[in-house]
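Fold and contact review
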Amino acid sequence: MNQLDLPILTLLTFLPAIGALFIMLSNKEGVAQIRWMALVISMANFICSLPLFFCFKADYTGMQFVEKVPWIKEYGMTYFLGIDGISLLLILLTTFFTPICVIACWKDVTKKVKEFMMCLLLLETGMIGVFVSLDLFLFYIFWEVMLIPMYLLIGVWGNPARRVYAAIKFFLFTMFGSLLMLVAILVLYFYNHSVTGEYTFNLLKLYELNMPSLYQTWLFLAFFVAFAIKVPMFPFHTWLPDAHTEAPTVGSVLLAAVLLKMGTYGFLRFGMPLFPVATHQFVPLISILAIIGIIYGALVSMVQKDLKRLVAFSSVSHLGFVVLGLFALNIQGIQGGIIQMINHGLSTGALFLIVGMIYERRHTRMIADFGGLAKVMPVFAAFFMIVTLSSIGLPGLNGFVGEFLILLGTFRSNVVYAVFAATGVIFAAVYMLWMFQRVMFGEVTKEENRHLKDLSLREIGILASILIFIFWIGIYPKTFLSKTETSVTHFLTEFNKKYEACIQKEKNYLVLNTSEELMTKK
Amino acid sequence: MLDYVWLVPLFPAIGFLINGLFGYRLSKGFVGVLACTVIGLSFLTSVLIFFDLLQLPPESRSFEKIIYTWIPAGDFKTSVGFLVDPLSIIMMLTVSGVSFLIHIYSVGYMHEDEGFKRYFTYLNLFVFSMLLLVSANNFLLMFVGWEGVGLCSYLLIGFWYERKAPADAGKKAFVVNRIGDFGFLLAMMLIFVTFGTLNFHGVFGAAHHNNEVSTLVMTTITLLLFLGATGKSAQIPLYTWLPDAMEGPTPVSALIHAATMVTAGVYMVARCSVLYTLAPVSLTVVAIVGVATAVFTASMALAANDIKRVLAYSTISQLGYMFLACGVGAFSAGIFHLMTHAFFKALLFLGAGSVMHAMAGELDMRKMGALKPHMPKTYWTFLIATLAIAGIFPFAGFFSKDEILWHAFEKNTILWALGAGAALMTSFYMFRAVFMTFHGESRVDAEVKKHLHESPSVMTTPLIILAILSAIGGFVGIPIIKGANVFHDFLAPVTGGHVAGSVEVTLGNLAYASSSALSHGEAVQHHVGLEIFMMAVSLVIAFGGLGLAYLMYLKDPSLPRRLKEKFKLLYHLILNKWFVDEIYDFLFVNPIKRGSTVLWQFFDAKVIDGIVNGSGWCVKWTSSVLKRIQTGYVQNYALSILVGAVAIIFYFLLV
Amino acid sequence: MDLVIPKIDALSLCPEIVLSITAMLVLLVTVYLPKGRKDPAAYVGLLGIFIALVSLTLLWGKPRYAFNNMIMVDNFSIFFNMVILVTAALSILMSITYLKEEGMSHGEFYALILFSAVGMMFMTAGANLITIFLGLETMSISIYVLAGFLRDSNRSNESALKYLLLGAFSSAFLLYGIAFIYGATGTTDLKGISEFLSRATYMKDPMLLAGMGLLLVGFGFKIATVPFHMWTPDVYEGAPTSVTAFMSVGVKAAVFAAFLRVFSHALWDLQPDWNQLLWILAVLTMTLGNVVAIAQTNIKRMLAYSSIAHAGYIMVGMIASNELGTSSILFYMLAYAFTNLGAFGVVILFGRKGEGNLDIEDYSGMGFKYPVLGLLMAVFLFSLAGIPPTAGFVGKFYIFGAAVKAGYIWLAIIGVMNSLVSVYYYLRVTVMMYMKDPVEDLEGLHWSPSMIVALIIAVAGTLLIGIFPSPYLDLAKQSVLHLM
Amino acid sequence: MTLFFFLLIAIVTVISAILVIVLRNPIHSALSLVLTFFSIAGLYILLNAQFIAAIQVIVYAGAIMVLFLFVIMLLNLEKEKRVSEKHPLQKAFGVSIALFLLGGIVSIVATGVLYGNMGTETAAKVSAVGNTKAIAGLLFTDWVLPFEITSILLIAAIVGAIVLTKKEL
Amino acid sequence: MIPLSYYLVLSAILFTIGVVGVLVRRNAIMIFMAIELMLNAVNLSFVAIGKHLDSLDGQVFVFFVMAVAAAEVAVGLAIIVNLSRNKETINVDEINIMKW
């Protein structure tokens, strides 16, 4: 269904890429012009994405704004785009954050501005592409394409000392998972062919496939590794602190705000509905990893000395919540997971912006180098406080809604998980507030900190626009929850239906087999 | 007016927003006036609502106003909505009333402070959260207020963030509260899973009618809720943050850490009385924890020299009383004590603030003495409050405290005995404080002495009003006389009627009055004589404390020192707050910190990242080894071809 | 005995004939050209290639044997011939300035490229082991000379010598293999062999198997599979860069064509026997190529190891032994041609006389100093690494897809893990280009029109095939129809 | 009788072949190689391949070996000096692997049974036409294309050899 | 009549001798000569097999192989001559600028 009769998703996806092309053709020296171009393009993209939100039919279960053009016919690849409630918010998050990033790096990035803006816009193309593709092949392409600009952002504009290491680690780590996924996609594709006789990468068609559980287990595992790395879940997380720490501010922002969501989105869009039996099998494992992630991330970030690293580890903790929620496999958990993806994007994105702002002023990210900033920069302190609280999950701000729904969902499916996960709430307060205290409170001990400028209007504007959503989701989350509800409900019914069907099929198969065995024995 | 209940929290919210967003452009005077006005308006609205509520027959005094659906997710739906019933209106009145007075007081107290505007912003936010907490119609919204007040407490304790101690204290308060919230969160989930809703009406109605819910679940729910309450209301084992919270401005201590926020736990337990009565084990736990806290923290107050710390321990101790009341099933008694305590403890803190104001911020009672002539208004109001807290007839504390002790006695003599002991200590340390501060010899520094003065009227007026309330506030709940206990009658629809005389009114009218409570109430009726006796005992205890304090601090000032010598160990323990903070540090804080460091620097950096980097390193190493095969000698290459050929031939020959 | 001259089916040989004549024309032309100004010779060669390409397209879709079953002109050979011709054309375009810079601008170079292309084309079309052998030798001998074309350069000499000695050595094995197969089947005609095998009941004839094994050695040598790969890095490093480019693609394409024709067509009935062996060889080849490439510091050497690895990937397609596998090899070859030639083109353009600027270190800061060149290099490297939306990705996708389809999931996993390793060393170049500051001031580049054209073709091919692979896949698919 | 000749020639071939690779002086080696080629030509005659035997002598022993000798002399090569081995295992390893190769091949060919399709040119038939004529017939009919390819091959080789060695190009 | 296997074994021996020559001689020309020996061994096989199969194809092959060998020798010797001009040596041990 495409209620707009416009290829709006294509527009959204490729507008930034075209913009990047224009920037490429523009004069390298006209830095201001390039910045404005990037801003205009990203803003235009954001504006283009608004119709998605307003024209989205919240009660329609299928895909919306669908575009489908055959691409590689004989092998069943299609250019198939469409969104539902699950992806809607993530797309908006992406289009929302890109202009913010453009503005945020206005003064920050002074060298190679042209290339920087190109990377940023190409990254946006990749990110949106991932969220709108409904064809596995297309999805995989966007999934990989997105790596390159991010890799360059980290590696070129990152922190000179270790940027290369971080960039390569990011790239290889992610690639490792996605390559396994590639094999799984191929297996799925050929399995589908062997069953239905049709070559297709169409996700909606592949949803209808009931695979034997052994297949599901392995394929799910392959997808799992890809997504778990992206999320990142507990033992696969070590690329994240490095990438975050070394990336330039907006790199970290986009990484946190959008890129990490791809893993969780992937679970929801691919991992779970394709392999329901395996999903059920792996719920304990994944939940436990998620819980370890929650607690581990929190504990480790508590003792970090570097602000960005701290926030990075806190992402591990927060994303643990999201994964836990998704694998609660009930509506609260998944709704919470989705909204928490947005929340984490907003609050952690904002946190990285904030860290970037003081980094820009002081050129250090070490907590020990700060202290007493609240006195010097009161406006900054206020923003920082609110974002910190949002990250902690203070009721009334966005974080709480997600966390509570997740915990509730988890509690319904498994009490023990919920109890352990809920301890994360305590730890979050500990490490965030301690960090806040060390940076903002106390006396100004360092001479350099005494004359720091408070936020400029530009910076206030950036943070305020994020804050609007932080409050909005906290106070009236219905705006967003209602958009996703139908899709999630539909997702769950389909999921359960398919699960039952798979199990039933398996049983029949067993019965068949045993009866055959009996026959042959006789 | 009932329909406009949402105005009650809205006014402070407006004040908060205006002060927070535009405060930096407004004048100090305007900010102060605005802050007070909005709270005043809240109070007014509450009063109007109160009278509206009184118009209704007792059985229908429960009104829900739903504003909008807050979090919808499948079968889970929570709304932003308000509940007006006797319990919440009492809380609203108390909160907005006391807050109003303290706001006014603060205008004077904080006048010189740099963070004046910030202070009022926070304070408005606090009142908003607190009112939200008490007026919410469901657990989740209550939790919003619950965390909101915690946040404000954090912000206000750490108000003077440039010093380390307040900042630390603020963080500690927040984190410890979070531990409690952990329980609250889990309780909410369990409630939802059990009853399918978080709405008070829905939950209590279901709990009352649905007998299928096992006691175990009930007990778990209530214990988890109580964990939340121990955090917020500073009970064992989570009380440690409250003494530290005294680092905040004194009006804050008065408002948040004495009168309102810390009582949220009691309010919550009272609100959930239906659940608690269905879980006897929990009630017992509540009672034991309450009384233990009362005694334990009272003991700490005995030797404290910091006037605010004395008051802080006293607060914890009094909160323990309230929980004791709830624990023995006398929820309305708990609320009653909550209310009177709000009056006199706020007064005490404000008095202490006034003293500090005069003493240039000095808190150590050893450096005070004989302040009475310098600040008469402060002295007299402080004395009234002390009398009230000590439980001397006819001040407010007498009625409420006595009622609790009586109910405790009804339930269990040991509880009563401990409660009585705590009362003795209360009386002792409060009078000790009065004597050390206002009487005796002056130990004030010469420099400070010159500036000793009575506080301005903007500060003393609230003192006087509170003093009046502390003096007469108890009369709304006169025990014994049938029908005269207006307070309990009023509350009975919510908390269940336990008290003689009110039982008939409540019987059968209420959907969720607990039946077990009723039977309890009937039993009580026969003991009027006993009750009078108990009152007498209470009075004796109160005067005993007074006398002891007089003996030690006025009559024979050397006595304390001798006692110190004699019970060195005990004194040391008490002085150092039984080393509880240190024990916590040792048991939890330090291991976690150290463990985390190990996790990070060893496990994360060495093990996990080691595996990642190690595999990369392995490939590189293999690479550098394998490339040596490439010797550059053409004959080696030929040999390699030959080896390959031979291998292939033999592969075909053998396979 | 009367001599019955078979029908001279000149039309079937049209491209080869055109090319041979062009080669000789080039030789003639070059004589009359002034010293050091031999560009026209190159253009003559290009023209010839163009005509050959056109004539190839005319042959499309009409499979036929010619010259007493000596060659088979079918879509398969035409496809590969196109790849070869494109390779030759691009190599010539890239050589013009390069040779001038190296002071070796001679028309003979182009003639030799054309001769070697003719040899390659006979290999792809060869339907008889002898034709294939002769094609292979024609190709090889020309390339031996080309590798040593920089007469005054020790590296070039060494490269030529190593290639010559080992090439001849492996040819002997190949020939021995042909002898065995001739002995075991009584014929060297591929169709004859295949017919013989399909009716033979004694499949396990050791002589046949040994012959097949020795063929494998010969082909394996040319496409650089482990353990016959040892010459590759040295020869690639030492040979003139444009020759390296030519041989890395052209030789591989031609030999794979012959390899496929012999193994997947003539020896199809022995598939169970060679499949396992190829599996092992493929894994070894991929792994060794990729792993050792990591430790390289010279970009040509690194690309040499990478080309070893790519041979491994292509073998995966062979192992899959299904229609998809074979067509994916064709597709991969096409993708690889553009990509690898492009990469070498950048290396040539960036290089300096006397093997300068060939260390990976030299690429420091190149990406920002020469943004276009950097971007091109990045595209080619990402394509080699198999990252979308480039041709390399689609190629790998199909290769591994074929493996999965045939049930070789572990092979596919090993393959993708290998490409992960490869990403590392390709990334290292981009790291140098974009993330390191230039060590010294780079001199200006000499952008010649011919090089620009070559690079544009290469990058257009790489991206076009990557983004719209459909027609090319179709082409590849049609090309294998007749083979299987 | 034929067997005797065969064995005799075979022994000469093997010995001279071994001499090729063991003699230190390149010229001696080359001369032994010439001897080997001659004896192989003898074997060809035993195999009724007179034409091949002839060109073996003319092309190989005559042309190719002369070229070799010519180059050896041109480069003024001396005896290989006994220098310390740079890759000591190469020889031992090489020889032993080569023996494996020999073993492998021998075990394959020793049976001497060929399953291949039999051709039509029986000895009688060939001798009726004459060996050379028969081969010529084949070469210019069936094998005309490879024959033409060799022409290209040779041109390429000539061009190559000139390119590489001519003083001034 | 001499059995085919005699020829084939002889051919194998010659081939192996050639292989050994390639592996042990250090002079490039000698290596080249050893390769010629290998080719001759194969030629012998071709002729013998051809004879055995009543087919003249074997002899035709030998003809082609000789052509190829001649070409190879021409080019090879050219390369070697060129090399010795530049490097003063044709000892393969010393021809290893490129390695690793």
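Remember, predicted model here, so these are calculated numbers, not experimental data.

Broken down by element type, chain B carries 28 helices and two strands. Its C-alpha atoms give chain B principal-axis dimensions of about 115 × 65 × 60 Å. When the 655 residues of chain B are sorted by exposure, 61% land in the buried category. Pairs at least 24 residues apart make up 79% of the contacts formed inside chain B by residues separated by at least 6 positions. Accessible surface, chain B: about 22400 Å² in total, of which carbon and sulfur atoms supply 70%. Counting 41 positive and 37 negative side-chain charges, chain B places the averaged centre of each group 10 Å from the other.

Right, let's get into the packing of aromatic side chains. For the coordinates displayed, the defined rule picks out 121 aromatic pairs over all chains. Relative to A:Phe171, the ring of A:Tyr151 lies with its centre 5.1 Å away and its plane at 75°, an arrangement referred to as edge-to-face. Here A:Phe171 lies in helix H7 (residues 163-196) and A:Tyr151 lies in helix H6 (residues 147-157), a separation of 20 residues in the sequence. Put simply, the rings of A:Trp71, A:Tyr75, A:Phe137, A:Tyr140, A:Tyr189, A:Phe190, A:Tyr199, A:Phe201, C:Phe331, C:Phe393, C:Phe397 and C:Tyr398 pair up and form one aromatic cluster. When the ring centre of A:Phe53 is taken as origin, the NZ or CZ atom of A:Lys483, which lies over that ring, is 4.6 Å away. The positively charged end of B:Arg118 is found above the aromatic ring belonging to B:Phe159, 4.3 Å away from the centroid.

Turning our eyes to something else, we now look at the pattern of salt bridges. A complete count under the given rule lists 29 salt bridges over all chains for this structure. For the salt bridge of A:Arg162 with A:Asp242, the shortest nitrogen-to-oxygen distance reads 2.4 Å. Of this pair, A:Arg162 sits in the loop between H6 and H7 while A:Asp242 is found in helix H10 (residues 239-246), placing the two residues 80 residues apart along the sequence. The shortest N-O distance in the salt bridge between C:Asp234 and C:Arg301 comes to 3.0 Å.

Turning our attention to H10(A). Think of an α-helix as 3.6 residues a turn; residues three or four steps apart then line up on the same face. Counting buried positions over the eight residues of H10(A) gives eight, a clear majority of the element. Restricting attention to buried positions, one finds in H10(A) the residues A:Trp239, A:Leu240, A:Pro241, A:Asp242, A:Ala243, A:His244, A:Thr245 and A:Glu246.

A separate point is helix H8 (residues 215-232) of chain B. All names here are of chain B. Here H8 spans 25 Å end to end across 18 residues, near enough to the 26 Å set by a 1.5 Å rise per residue. All of the buried residues along H8 are Met218, Thr219, Ile221, Thr222, Leu224, Leu225, Phe226, Gly228, Ala229, Thr230, Gly231 and Lys232. The first or second residue beyond H8 is alanine 234, which carries a positive phi of 55°.

Contacts between the two partners involve 83 residues from chain D and, on the opposite side, 69 residues from chain E. When chain D packs against chain E, close to 6800 Å² is buried across both sides, 77% of that on carbon and sulfur atoms. Summed over the shared surface of chain D and chain E, the result is ten residue pairs in polar contact (both at pLDDT 80 or more). Contributing elements (two or more residues each) for the side of chain D that touches chain E: helix H1 (2-22), helix H2 (26-46), helix H3 (50-74), helix H4 (89-109), helix H5 (123-129), helix H6 (131-140) and helix H7 (144-165) of chain D. Of the residues belonging to the side of chain D that touches chain E, the class tally is 57 nonpolar, 19 polar and seven charged.

Cut-off values and rules
Residues numbered from 1 in each chain as written. Chains lettered and ligands numbered in written order. Predicted model: local features only at pLDDT ≥ 70, side-chain atom pairs only at ≥ 80, totals over all residues. Heavy atoms only, no water. Helix = DSSP H or I, 4+ residues; strand = E, 2+ residues; numbered from the N terminus. Buried < 20%, exposed > 50% of the residue type's maximum accessible area, 1.4 Å probe, protein only. Contact = heavy atoms within 4.5 Å. Areas by Shrake-Rupley, 256 points an atom, 1.4 Å probe, with all protein chains shown as cover. Lys, Arg positive; Asp, Glu negative; His and termini not counted. Charge placed at Lys NZ, Arg CZ, Asp CG, Glu CD. Phe/Tyr/Trp six-rings, centres within 6.5 Å; stacked < 30°, edge-to-face > 60°. Lys NZ or Arg CZ within 6 Å of the ring centre and 35° of its normal. Salt bridge = Lys/Arg side-chain N within 4 Å of Asp/Glu carboxyl O. Expected span 1.5 Å × (residues − 1). Buried area = accessible area lost by both parts, 1.4 Å probe. Polar contact = N/O pair within 3.5 Å; in protein donor to acceptor, adjacent residues only side chain to side chain. Nonpolar A, V, L, I, M, F, W, Y, C, P; charged D, E, K, R; others polar.

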